[in-house]
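Report on the structure
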Amino acid sequence: MAVSPLLLLMDRNLFARKQNARLDTYSDLGWKLFGKVPLRDNCQKDSKKTPKEYEEETGRPHKPLSPKQNVRKNLDFEPLSTTALILEDRPANLPAKPAEEAQKHRQQYEEMVVQAKKRELKEAQRRKKQQEERCRLEESIGNAVLIWNNEILPNWETMWCSRKVRELWWQGIPPSVRGKVWSLAIGNELNITHELYDICLARAKEKWRSLSTGASEAENEDASFSAADREASLELIKLDISRTFPNLCIFQQGGPYHDMLHSILGAYTCYRPDVGYVQGMSFIAAVLILNLDTADAFIAFSNLLNKPCQMAFFRVDHGLMLTYFAAFEVFFEENLPKLFAHFKKHNLTPDIYLIDWIFTLYSKSLPLDLACRIWDVFCRDGEEFLFRTALGILKLFEDILTKMDFIHIAQFLTKLPEDLPSEEFFSSIAAIQMQSRNKKWAQVLLALQKDNRDMEKGSPSLRH
């Protein structure tokens, strides 16, 4: 059926009128959002209409405004803040403010402005101070990088133990040269090469493939490393990698360093099947990966774990671990006698908190940047600094710890505060004296080891 052009034209006009009306409504709403009312062409005329004129024009009876509507009509503004409420006069239908109240409100407003300006000034000063400190730190790091690159590293053998270098070391090694310094300080007594790493990694990948395809145990079994041990190590590595620095999200599955970390840990289990994988190793390997290339990280990792203290802990040599704990307690009592007595009273032994710190070299317990500074000095001073750091932590929180019981102390030391101030922390470590009755750490440890050997030789139960 054909539609008349006249009807179409009427529909369009009707639609246009509806659309314009809708736009007008939206426009009014938009103005109302800002507390204003749009001007209308006949607003002045409408405002002067009498009730009788209104009834004649609209055909509806005029209703007087309610008190609430009348108040809103008399408001010349929409109060948009507490400032407006304080400063503006009251609506016309309410009694005017007394002069004293108006003056009081004016003073309140001025006080608010003064306080706001003070806060702004204080915040600006804080930002300026932060910026200045950041600039000083960047300048200090830049100067240190030049010294390390131009003076120390080219003359490592003759300069690394000098007083100047030791002082620079304590202040923290610049990140850009940290990996190189760590590698030189840790050394390579095991003479591991990049080729050896590739061989160990290839063997690890082959074992992973054989385990995933379900190859027979007889085909893959080594004399000292059974298939069950290999599978347990592999599963433990996967589990530990997922828990390594989870906040960084770079070592987990799909992260940029996941495969690298997995490769180093797998290669180490083939290089040292007698040690295998032990929980905590993933944190040490991860810190090295952040500062070194893969093969160099493996070399540093293997040599680091070969140090006497690390080997004692990772091979779980109970006798030697107890000797380390005993040596630690000698210096604990020497430096912090009050806290030492408090720990003894509550039967809090060093293994409760030291094991996690030593196994991960503080990389799990401290913020990463602070842990790296601990590693800097650990590479310089060796295992002694690990126990000195532990005493520094106890000294820093001595006042808090002396008020706690066993459970709260253990919980606190297991999860240290995340906002440790680095300079205050290192000042606390510096205050620890690693000397007891004129004996240094190494001498005390050696004497305790000798005493343990003598006790073992003299024990009837061991002789028989």
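Residues numbered from 1 in each chain as written. Predicted model: local features only at pLDDT ≥ 70, side-chain atom pairs only at ≥ 80, totals over all residues. Heavy atoms only, no water.

Scanning the protein from N- to C-terminus turns up 26 helices and two strands. Within the protein, the fraction of its 464 residues that count as buried is 35%. Sequence separation of at least 24 residues holds for 67% of the intrachain contacts in the protein that already meet a minimum separation of 6. In the structure as shown, the protein presents an accessible area of about 29,200 Å², 54% of it carried by carbon and sulfur atoms. (Helix = DSSP H or I, 4+ residues; strand = E, 2+ residues; numbered from the N terminus. Buried < 20%, exposed > 50% of the residue type's maximum accessible area, 1.4 Å probe, protein only. Contact = heavy atoms within 4.5 Å. Areas by Shrake-Rupley, 256 points an atom, 1.4 Å probe, with all protein chains shown as cover.)

For the protein, per-residue confidence averages 82 on the pLDDT scale, and residues scoring 70 or more make up 75% of the total. Low pLDDT, under 50, characterises residues 67–80; the stretch is placed with eleven contacts to residues that sit more than four places away or in other chains. Counted against residues more than four places away or in other chains, residues 216–224, with its pLDDT under 50, gives ten contacts. (pLDDT = per-residue confidence, 0-100.)

This part covers the packing of helix α17 (residues 318–335) against helix α21 (residues 383–396). In a pair of packed helices, the angle between the axes and the distance between the axes together describe the arrangement. Between α17 and α21, the shortest axis-to-axis distance is 10 Å and the interhelical angle comes to 45 degrees. When the axes of α17 and α21 are compared, the pair comes out oblique. As α17 runs across α21, the sense of the crossing is right-handed. Together, Y324, F328, F331, F332 and N335 of α17 and E383, F387, A390, L391 and L394 of α21 make up the contact between the two elements. Residue composition of the contact of α17 with α21, grouped by class: eight nonpolar, one polar and one charged. (Axes fitted to C-alpha atoms, helices over the stretch in contact; angles between N-to-C directions. Parallel < 35°, antiparallel > 145°, perpendicular 65-115°, else oblique. Left-handed = near helix turned anticlockwise from the far one by under 90°. Nonpolar A, V, L, I, M, F, W, Y, C, P; charged D, E, K, R; others polar.)

Between helix α9 (residues 175–186) and helix α20 (residues 368–381), whose axes approach to 9 Å, the crossing angle comes to 35 degrees. Classified by chirality, the crossing of α20 by α9 is left-handed. Two secondary-structure elements touch here, α9 through R178, W182, A185 and I186 and α20 through C372, R373, W375, D376 and C379. The residue makeup of the contact of α9 with α20, split by class, is six nonpolar, no polar and three charged.

Time to look at the packing of aromatic side chains. The description of an aromatic ring pair uses the distance of the two centres, along with the angle that the planes make with each other. Here the structure, examined in full by the defined rule, presents 31 aromatic pairs. With 5.9 Å between their ring centres and 90 degrees between their planes, F313 and F359 make a pair best called edge-to-face. Of the two residues, F313 sits in helix α16 (residues 308–314) while F359 sits in helix α19 (residues 351–360), which places them 46 residues apart along the sequence. The same class applies to F313 as to F359, namely buried. We note R373 situated over the ring of F426; from NZ or CZ to the ring centre the distance is 4.0 Å. (Phe/Tyr/Trp six-rings, centres within 6.5 Å; stacked < 30°, edge-to-face > 60°. Lys NZ or Arg CZ within 6 Å of the ring centre and 35° of its normal.)

Moving on to unusual backbone geometry. Within the chain, N191 stands out as a residue other than glycine whose phi angle is a positive 55 degrees. Its location among the elements puts N191 in the loop between α9 and α10 (194–213). Judged by its relative accessible area of 61%, N191 falls in the exposed class. Despite not being glycine, F245 shows a phi value in the positive range, around 45 degrees. Residue position: F245 is located in the loop between α12 (227–242) and α13 (258–271). Residue class for F245 comes out buried when judged on its relative accessible area of 9%.

Across its 14 residues, α20 extends 20 Å between first and last C-alpha, which sits within 8% of the 20 Å expected from 1.5 Å per residue. Of all 14 residues that make up α20, eleven are buried, and the element is covered over most of its length. Of all the residues in α20, the buried ones are L370, A371, C372, R373, I374, W375, D376, V377, F378, C379 and R380. With its phi angle positive at about 80 degrees, G382 sits one or two positions after the end of α20. (Expected span 1.5 Å × (residues − 1).)

The subject of this paragraph is the pattern of salt bridges. Enumeration over the complete set of coordinates arrives at 14 salt bridges. Across the pair D274 and R272 runs a salt bridge, and its minimum N-O distance is 2.8 Å. Residue D274 is classed as partly exposed on the basis of its relative accessible area, which comes to 42%. Between K344 and E329 there is a salt bridge, and its shortest N-O distance comes to 3.4 Å. (Salt bridge = Lys/Arg side-chain N within 4 Å of Asp/Glu carboxyl O.)

Let us look at α19. Taken together, the buried positions of α19 are Y353, L354, W357, I358, F359 and T360. After α19 finishes, the residue L361 shows a positive phi value of roughly 50 degrees.

Let us now look at a nonpolar patch on the surface. On the surface, I352, F406 and I407 cluster together into a nonpolar patch covering about 230 Å² of accessible area. Within the secondary structure, F406 is located in helix α23 (residues 406–414). (Patch = residues over 30% accessible without salt bridge, like charges linked within 9 Å, V, L, I, M, F, W, Y side chains within 5 Å.)

This paragraph deals with the nonpolar core. Soluble, globular proteins show a tendency: their nonpolar side chains are buried together. The biggest cluster of nonpolar side chains holds 105 residues, and the ones touching the most others in it are W148 and L394. Domain assignment of the residues forming this core places at least three in each of domain 1 (187–212 + 228–304) and domain 2 (312–457). Contact partners of L394, with chain neighbours within four places excluded, come to F328, F332, L336, L339, F343, Y353, L401 and L413. (Core = buried A, V, L, I, M, F, W, Y, C linked by side-chain atoms within 4.5 Å. Domains from an automatic or database assignment.)

This next bit is on the side chain of Q252. Here Q252 is to be found in the loop between α12 and α13. Here the side chain of Q252 touches T244 through a polar contact of 2.9 Å, landing on its backbone oxygen. Apart from the residues within four sequence positions on either side, Q252 is in contact with I241, S242, R243, T244, F245, P246 and H258. (Polar contact = N/O pair within 3.5 Å; in protein donor to acceptor, adjacent residues only side chain to side chain.)

What follows covers the environment of G319. Within the secondary structure, G319 sits in helix α17. The class of G319 is partly exposed, set by a relative accessible area of 39%. Through-space distance from the C-alpha of G319 to that of R453 is 9.9 Å; in sequence the pair is 134 residues apart.

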